[in-house]
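Chain residues, written in single-letter form:
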Amino acid sequence: MTDEQEGSDAEDTAASGSAPVPPVAPRTQRPPSDRLSGNKTSVCSRSYFVVVMVFFHVYIINVIALLFYVHYSSGGQEDASQSRDAPGGQQQQRAETRRPPSKADFLRDVSLARIEGIRVGHVQSVSLAPGKVHDMRTLSLKPLLFEIPGFLSEDECRVVMQLAQLKGLMESQLMVQDGQEDLAKELNLSPEEIFNLLDINQDGQLQLHEILTHSRVRDGIWLTPENLREIYAGLKADKDGNGLLSLEEFRLLSSDAFQRFLLQRGVKRSQLVRNSRHTWLYQGKGAHRVLQDIKARVTRLTRLPSTLVDLSEPLQVVRYEEGGHYHAHHDSGPVYPETACTHTRLAANTSTPFETSCRYITVLFYLNSVEGGGETAFPVADNRTYDEVSLIQNDVDLLDTRRNCDKSNLRVKPTKGTAVLWYNYLSDGRGWVGEQDEYALHGGCVVTHGTKWVANKWINIDPDYQRQARYQQLVSRQPEEEDDEGSTPDPDLQHSNIHQDL
């Protein structure tokens, strides 16, 4: 509740009961002739008196409302400070943290700072380390995107790559998606309901791009319009041959028909949504000094509370060989009541069928300069409007970073030591996370020559403030409980379930 709302509520309360209007003495009955003979001066005086009294009472009510507001505001803060400073407050606070916190326990006392973009091409100086100043350049306003040359030194880039190789890199995406749950069965959705979910424009027909978007998300296989026409022909799905699927045609297909057809035909690595290898590097206590320095620098750059950065994902290091790519995607998804953030799911207290990685900020580091290709492409950066349907038109797929990177509105060339920062969410206008920024769509162009090394640092924040606060309290409590049991938390285990590949 804002201050203005609280003041308004207090005014209403005071007007209804705190400042009653004094009773007026009863007037004696006059003959009708006396009332009619009143002169103009007495009428004006009476009106003036009424106006003055009204303003007087309004003034008194405002004063009373202000006193009520000051009293309750200062009283609440004093009570909170006294409870923290009390001799037995620490034991009492620890006892209270062991019960499940309620929404009333967390007040909106944290605001998320956002870097001002000003305009495209604007350069501002930022001090991220003692005695060193970096120039930060605004690359776009939709999304809010910045480039910081020289963020990492050559030695730091070398150390990060060596640490990643020492730990070992794994495939970012498997050739065959084993163990996927069929959400349609889990949610008990009928073919009609699935059809309506896929039919983005609700025209009663499934266009190629509507099927493509669904198959890429679920199967992780990047189909082109040509591939889809081949599948239609192989499955005899498009009976009338118009390139569209009606509800009747869709009913004849099983939920895994496309995937089974592709597995029988064989899938190449170039047909995957992502073709790379990666690993995760822990940045907490005991980590390599370079990794801790990078995290501290990111904290200063983002101007966010260190707790939020500390509880975010470890540093992800990715290597793209020649031919490697990552088709356009969002690092985070929209958060709905049916969706939970992956990193705060322990504090969600609900079982939801959908999860997404709530990555408020992405900081991408280029660990080497690529000989050919490998740019980071933002297909719709600074577009006047965003239309998901128009991303695939006339067989030109803006999401395809292997064939159409040159059609992206913005491409950032990989240069060793450069960092790129962008926001995946808008502000809610009240200092917290708002809606997903759809313009943050991005991908990695195919590497045509050489190898590409990058690192990602994501700042995870739940758009639901209460859920984020509960999560932070739960995590801050874990070390105390583990110390009581005489055990030491494992950094890798502590972060093993916080991240999710997208």
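As a convention, each chain's residues are numbered from 1 in the sequence order in which they are written. Only residues with pLDDT of at least 70 are given local features in this predicted model, and only at 80 or more are side-chain atom pairs given and counted; all residues enter the totals for whole chains, interfaces and linings. Excluding hydrogens and water, the side-chain figures rest on all heavy atoms present in the structure.

Draft legend 1. Summary view of the state of the cysteines. A pair of cysteine sulfur atoms is labelled a disulfide when the two atoms are within 2.5 Å. Under the defined criterion, the tally for this structure stands at two disulfides. Here Cys341 pairs with Cys358 through a disulfide, and the sulfurs are 1.9 Å apart. Between Cys341 and Cys358 the disulfide shows an S-S torsion of about -80 degrees. By sign, it is left-handed. Taken together, the residues Cys341 in strand S9 (residues 339–341) and Cys358 in the loop between strand S10 (354–356) and strand S11 (359–366) connect sequence positions 17 residues apart. By relative accessible area, Cys341 is classed as buried at 0%. There is a disulfide in this structure between Cys405 and Cys445, and the S-S distance comes to 1.9 Å. Between Cys405 and Cys445 the sulfur-sulfur dihedral comes to about -95 degrees; the bridge is accordingly left-handed. Placement of Cys405 in the loop between strand S15 (396–397) and strand S16 (410–412) and of Cys445 in the loop between strand S20 (442–444) and strand S21 (447–449) is noted, with a sequence separation of 40 residues between them. Only DSSP runs of H or I with at least four residues qualify as helices, and only runs of E with at least two residues qualify as strands; both kinds are numbered from the N terminus onward. The buried label applies to any residue whose accessible area, calculated with a 1.4 Å probe on protein chains only, is under 20% of its type's maximum; exposed applies above 50%, and partly exposed to all values in between.

Draft legend 2. Region of the structure containing the nonpolar core. We call a set of buried Ala, Val, Leu, Ile, Met, Phe, Trp, Tyr and Cys residues a nonpolar core when their side-chain atoms join them within 4.5 Å. One finds Phe151, Val160, Val317, Tyr360, Phe365, Leu367 and Ile461 to be the most contacted residues of the largest nonpolar core, which totals 47 residues. Among the elements that take part in this core, helix H5 (residues 154–167) stands out by supplying six residues, more than any other. For Phe365, the residues in contact, after removing those within four places along its chain, are Phe151, Leu152, Ile294, Val298, Leu315, Thr418, Ala419, Trp453, Val454, Ala455 and Lys457. Membership of the second largest hydrophobic core comes to 26 residues, among which are Val273, Val420, Ala440 and Leu441. Contacts are residue-level and defined by heavy atoms, with any inter-residue pair within 4.5 Å sufficient.

Draft legend 3. Up close: the confidence of the model for the protein chain. Per-residue confidence for the protein chain averages 78 on the pLDDT scale, and 69% of its residues sit at or above 70. The predictor attaches a confidence to each residue, and that confidence, scored 0 to 100, is pLDDT. The low-confidence segment residues 1–46 (pLDDT under 50) makes 23 contacts with residues lying over four places distant or belonging to another chain. Overall, residues 72–104 carries pLDDT values under 50, and its contacts beyond four positions in sequence, including any with other chains, amount to 17 contacts.

Draft legend 4. Molecular detail of the pattern of salt bridges. Whenever a carboxyl oxygen of Asp or Glu lies within 4 Å of a side-chain nitrogen of Lys or Arg, that contact is scored as a salt bridge. Considering all chains together, one arrives at 14 salt bridges under this definition. The closest approach of N and O atoms between Arg403 and Glu226, which form a salt bridge, is 3.7 Å. In this pair, Arg403 sits in the loop between S15 and S16 while Glu226 sits in helix H9 (residues 225–235), placing the two residues 177 residues apart along the sequence. Across the pair Arg403 and Asp400 runs a salt bridge whose closest N-O atoms are separated by 3.3 Å.

Draft legend 5. Structural detail: the sheet that holds strand S8 (residues 325–329). If DSSP finds at least two bridges between two strands, the strands pair. Taken in spatial order, the five strands make up an open sheet running S5-S8-S20-S13-S16, and their pairing is antiparallel. Looking at which strands have only one partner, the edges of the open sheet turn out to be strand S5 (274–275) and S16. Here S8 runs beside S20; their pairing, made up of two bridges, is antiparallel. For Tyr326, the partnering residue across the bridge sits in S20 and is Gly444.

Draft legend 6. Highlighting unusual backbone geometry. Note the cis peptide between Lys142 and Pro143, where omega equals 5 degrees. Structurally, the position occupied by Pro143 is in the loop between strand S2 (132–140) and strand S3 (145–148). The backbone phi angle of Arg303 is positive, close to 60 degrees, even though this residue is not glycine. Mapped onto the elements of the fold, Arg303 is located in the loop between helix H12 (289–302) and helix H13 (306–310). On the accessibility criterion, Arg303 (44% relative accessible area) is partly exposed.

Draft legend 7. Region of the structure containing the pairing of strand S6 (residues 277–281). Across the five residues that make up S6, a large majority, four, are buried. Bridging between S6 and strand S7 (residues 315–320) involves five bridges; their strand directions are antiparallel. Residue pairing in the sheet places His278 in a bridge with Val318 of S7.

Draft legend 8. Local environment of the sheet that holds S6. Taken together, the nine strands give an open sheet; going across it, the order is S1-S2-S3-S17-S11-S22-S7-S6-S4, and neighbouring strands pair in antiparallel fashion. One side of each edge strand has no neighbouring strand; the edge strands of this open sheet are strand S1 (123–129) and strand S4 (170–171). Alignment of S2 against S3, held across three bridges, turns out to be antiparallel. In the sheet register, Ser140 faces S3, and the bridge partner there is Leu145. Angular values range over 0 to 180 degrees, each being the angle between N-to-C directions of two axes fitted as lines to C-alpha atoms, with helices fitted over their stretch in contact. Contacts from H5 reach S6, S7, S11 and strand S22 (452–460) within the one sheet, and its direction differs from that of S6 by about 100 degrees. Strands in contact with H12 are S1, S2, S3, S6, S7, S11, strand S17 (419–423) and S22; relative to S1, the strand with the most contacts, it is inclined by about 140 degrees.

Draft legend 9. The packing of H5 against H12, seen in detail. Two numbers describe how H5 lies on H12: the axes approach to 10 Å, and their chain directions differ by 120 degrees. Our classification of the angle between H5 and H12 gives oblique. With respect to the hand of their crossing, H5 and H12 are arranged in left-handed fashion. Every residue of H12 that contacts H5 at Glu156, Val159, Val160 and Leu163 is listed here: Val290, Leu291, Ile294 and Arg297. For the contact of H5 with H12, the residue count by class is six nonpolar, no polar and two charged. Orientation labels follow simple angle bins: below 35 degrees gives roughly parallel, above 145 gives roughly antiparallel, 65 to 115 gives roughly perpendicular, and whatever is left gives oblique. Here a crossing is taken to be left-handed if its near helix is turned anticlockwise relative to the far helix by less than a right angle, and right-handed if that turn runs clockwise. Amino acids are sorted into nonpolar (Ala, Val, Leu, Ile, Met, Phe, Trp, Tyr, Cys and Pro), charged (Asp, Glu, Lys and Arg) and polar (every other residue, Gly among them).

Draft legend 10. Representation of the environment of Gly220 in the model. With respect to the element layout, Gly220 can be found in the loop between helix H8 (208–219) and H9. We classify Gly220 as buried; its relative accessible area is 10%. For the pair Gly220 and Gln173, spaced 47 residues apart in the sequence, the C-alpha separation amounts to 7.9 Å.

Draft legend 11. Inspection of empty space enclosed by the protein at higher detail. Throughout, the protein atoms alone are placed on a 1 Å grid, and a set of points is a cavity if a 1.4 Å probe fits but cannot get out or a pocket if it is open with protein on both sides within 12 Å along at least five of seven lines; lining residues have an atom within 4 Å of a point. Grid points are joined across faces, edges and corners, and a volume is the space filled by probe spheres set on the points. Counted under the stated rule, the structure contains one cavity of 30 Å³ or more. Its volume calculated, the largest cavity comes out at about 210 Å³. Along the wall of the largest cavity there are 21 residues; nearest its centre are Tyr320, Tyr326, His329, His442 and Asn456. Of all elements in the fold, only S7, S8, S11, S20 and S22 reach the threshold of two or more residues within the lining of the largest cavity. Top contributing element to the lining of the largest cavity by residue count: S22, with four residues. For the lining of the largest cavity, a count of residues per class yields eight nonpolar, eight polar and five charged.

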